[in-house]
Amino acid sequence: MKRGGGTGLTLMLLAWLLAALPAHADIYKYVDKHGRVILTDTPTHTGYKRLVKTWKGWEEAKSRIALQDFEKNRSRFTSTIRQYAERYHLPHSLLHAVITAESAYDPEAVSRAGAVGLMQLMPETARRYGVSNRRNPTDNINGGTRYLRDLLLMFNNNVQLALAAYNAGENAVKKYGNKIPPYAETQTYVKKVISYYQEYRKTMS
């Protein structure tokens, strides 16, 4: 009886926490060594598993984002990220922040909207910047960095507006008077990338 009651309380707590998190943000679950369930939209290590809502309830996603390879892939692509950051005069810590939020460094990541690769390029953006293979990490980083650079130029080096445009499109930012659009997903995205950016500026030389 005690075991059943504990399970019921855990499910109620999970439901409350999930309801409290942003509706359009990815939600991740981690179970620590004491069996405590931790939910967040900003995972801090590779032990977190992404959740999706199904008709059965909340389940672990069969995600293309390989969080378990986060550290390995970050090291793998660091020199390429720095190369294009220097080429297009952007802080490499900003590119790392965008890639962390977009794909967790998985070059095979695919979003529900059809964005692909490390910097999650949509087909039209890839064509715009001459990226023929979005799964090629070097081409993907090159195209995504050029796009981010152009957005920064477009919005007078306002990082938040450039990030909002990267997520929602430049026309959406212009539509709302050069402000972050009132989309929950975009607002959450900007906050997430800025948080990563601030952290990486401290820890990356």
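See above for the structure.
Read on for a plain summary of the structure.

Rules and cut-offs
- All chains use their own residue numbering, which begins from 1 and follows the written sequence.
- Local features are withheld for residues below a pLDDT of 70 in this predicted model, meaning they are given only at 70 or higher, and side-chain atom pairs are given and counted only at 80 or more; totals for whole chains, interfaces and linings count all residues.
- Excluded from the side-chain calculations are hydrogens and water; all other atoms, namely the structure's heavy atoms, are used.
- Only DSSP runs of H or I reaching four residues or more are called helices, and only runs of E reaching two or more are called strands; each is numbered from the N terminus.
- Burial classes: relative accessible area under 20% of the type maximum marks a residue as buried, over 50% as exposed, and values in between as partly exposed (1.4 Å probe, protein chains only).
- In this description, contact between two residues means that some pair of their heavy atoms is separated by no more than 4.5 Å.
- Accessible surface area values rest on a Shrake-Rupley calculation with a 1.4 Å probe, where residue burial reflects the displayed protein chains alone.
- In the sections that follow, a salt bridge refers to a side-chain nitrogen of Lys or Arg positioned within 4 Å of a carboxyl oxygen of Asp or Glu.
- Each pair of strands is called paired provided DSSP finds at least two bridges between the two strands.
- Think of a nonpolar core as a cluster: buried Ala, Val, Leu, Ile, Met, Phe, Trp, Tyr and Cys residues, connected wherever their side-chain atoms sit within 4.5 Å.

1. Considering the overall build of the chain
At step 1: For the chain, the helix and strand inventory stands at 8 helices and 4 strands.
At step 2: Listing every helix and strand of the chain by position from the N terminus yields α-β-β-β-β-α-α-α-α-α-α-α.
At step 3: Residues counted as buried form 42% of the 205 residues belonging to the chain.
At step 4: Counting only contacts in the chain whose residues sit at least 6 apart along the sequence, the fraction spanning at least 24 positions is 40%.
At step 5: As displayed, the chain offers around 12000 Å² of accessible surface, 50% of which is attributable to carbon and sulfur atoms.

2. Quick look at the side chain of D106
At step 1: With respect to the helices, strands and loops of the structure, D106 is situated in the loop between α3 (92-103) and α4 (123-128).
At step 2: According to the relative accessible area criterion, D106 is buried, its value standing at 5%.

3. As for the pattern of salt bridges
At step 1: By the definition in use, this model includes 4 salt bridges.
At step 2: With its nearest N and O atoms 3.0 Å apart, the salt bridge here joins R74 to E71. Separated by 3 residues within a single helix, R74 and E71 lie in helix α2 (residues 70-87), roughly one turn from each other.
At step 3: R74 sits in the buried class, given a relative accessible area of 19%.

4. Notes on the pairing of strand β1 (residues 27-31)
At step 1: Here β1 runs beside strand β2 (residues 37-40); their pairing, made up of 4 bridges, is antiparallel. When the sheet's bridge partners are listed, Y30 is paired in β2 with I38.
At step 2: Connecting β1 to the next strand, β2, in antiparallel fashion are 5 residues, including G35 with a positive phi near 85 degrees.

5. So, the nonpolar core
At step 1: Within the largest apolar cluster, 41 residues are counted, with the highest numbers of intra-cluster contacts made by V98, Y105, L148, L163 and Y166.
At step 2: The set of elements that each furnish at least two residues to this core consists of α2, α3, α5 (137-154), α6 (159-168) and α8 (184-203).
At step 3: No other element matches α8, which puts 7 residues into this core.
At step 4: If sequence neighbours within four positions are ignored, Y166 has contacts with V98, E102, M119, L121, G144, Y147, L148, L151 and Y189.

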